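# Coordinate analysis (summary)
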Amino acid sequence: MRFLERSDTATVIAINETETTFLKATLSKYPLVTNENRELTRSDDHDELEEDTELLRSSIKEHTDQSKTKLSEWLASDKIFTPKDSEWLLNVPNEDLDWFLQILNDLRVGSWQQLKCPSPEEIQALPLTPETVEPLWTMELAGLLQSFLLRNH
Amino acid sequence: MPTTEEPLVLPITQAKPQSEHDSGYAVICWDDPINLMDYVTHVFQRVFGWTKERAEHHMMEVHNNGRSLLVRETLEKAEHFVHQLQSYNLQATMERGE
């Protein structure tokens, strides 16, 4: 996977066949972040915010549902993944950049939650097991793509 | 470099009567070990329309001090910003009396 260019219309990233397959499978898992742990405040004396916390969760659930619908349409489009020689080009339109960053971040943070929120040092020490390999790869892939998309942004 | 687009707008919750609680809530972003620094800067720029320098300043506060007070607002506006920041999966809350 390598960054190719950022033009007036899109950011283009070259990815090989295996990465493309894994990326599409990873994106299909969206969303991964759990909603029920969201809180409006860390203070204990905000009883007046209980109802508002529920509104926060339902509002973000609605936002996530809309993003999931858009992601399905996006992946079905023949303009996002285009073949070139023996690899693929991922074309992220500039108008979708912020939205796609949110998708990738959900996958990254959700995978981290699946690993029980380890520190960076703990992540380095995690053994590769059937339980850890998928979230670790997802975190790595999503983080790498985020870095490409934020480059020169 | 692309221009900063309009901040994402989520549905605003129902109108609330003015009260003593509307005098000020601090919107705080807390540190976490997973969000990329460039991503946090990007989100601050999008949500608040800040310059990159100002966004980076608050991002570094979060990174170095564990938290940053981003803005102080009325209850409704503070909720609106927390909704937006959490939609990006930043650890943001609103606190009274900060």
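In what follows, the accompanying structure is described. (Residues numbered from 1 in each chain as written. Chains lettered and ligands numbered in written order. Predicted model: local features only at pLDDT ≥ 70, side-chain atom pairs only at ≥ 80, totals over all residues. Heavy atoms only, no water.)

### As for the overall build of chain B
Along the backbone of chain B there are three helices and three strands. Of all 98 residues assigned to chain B, the portion counted as buried reaches 52%. Restricting the contact set of chain B to residue pairs at least 6 apart, pairs at least 24 apart contribute 74%. When the accessible area of chain B is evaluated, it comes to approximately 4700 Å², of which 51% is carbon and sulfur surface. (Helix = DSSP H or I, 4+ residues; strand = E, 2+ residues; numbered from the N terminus. Buried < 20%, exposed > 50% of the residue type's maximum accessible area, 1.4 Å probe, protein only. Contact = heavy atoms within 4.5 Å. Areas by Shrake-Rupley, 256 points an atom, 1.4 Å probe, with all protein chains shown as cover.)

### Section: the sheet that holds strand β3 (residues 81–84) of chain A
All names here are of chain A. With respect to topology, four strands assemble into an open sheet ordered β1-β2-β4-β3, the strand pairing being antiparallel. Each having just a single partner strand, β1 (2–6) and β3 make up the two edges of the open sheet. Neighbouring strand axes in the sheet, compared pairwise and without regard to direction, differ in orientation by 25° on average. In the sheet, strand β2 (residues 10–15) pairs with strand β4 (residues 87–93) via six bridges, with the strands oriented antiparallel. Counted as the bridge partner of Thr 11 is Val 92 from β4. Contacting β2, β3 and β4, helix α1 (residues 17–27) runs over the sheet at an angle of about 120° to β2. Along the sheet, helix α5 (residues 133–150) contacts β1, β2 and β4; its crossing angle with β2, the most-contacted strand, is approximately 140°. (Pairing = 2+ DSSP bridges. Axes fitted to C-alpha atoms, helices over the stretch in contact; angles between N-to-C directions.)

### Remarks on the packing of helix α1 (residues 37–48) of chain B against helix α2 (residues 52–65) of chain B
Geometry of a packed helix pair, given as the angle between the helix axes and the separation of the axes. All names here are of chain B. Direction vectors running N to C along α1 and α2 enclose 130°, while the axes themselves pass 8 Å from each other. Considering their axes alone, α1 and α2 lie oblique with respect to each other. α2 is crossed by α1, and the crossing has right-handed handedness. Taking contact as the criterion, the partners of Met 37, Val 40, Thr 41, Phe 44 and Gln 45 in α1 are, on α2, Lys 52, Ala 55, Glu 56, His 58, Met 59, Met 60, Val 62 and His 63. (Parallel < 35°, antiparallel > 145°, perpendicular 65-115°, else oblique. Left-handed = near helix turned anticlockwise from the far one by under 90°.)

### A look at the sheet that holds strand β2 (residues 67–73) of chain B
Residue and element names in this part refer to chain B. Spatial strand order, β2-β1-β3: three strands in an open sheet with antiparallel pairing. Pairing within the sheet leaves two strands with one partner each, and these edge strands are β2 and β3 (91–96). The mean angle between the axes of side-by-side strands here comes to 25°, regardless of whether they run parallel or antiparallel. Across the face of the sheet, α2 comes into contact with β1 (25–30) and β2 while running at roughly 130° to β2.

That's the geometry; what it means functionally is another story.
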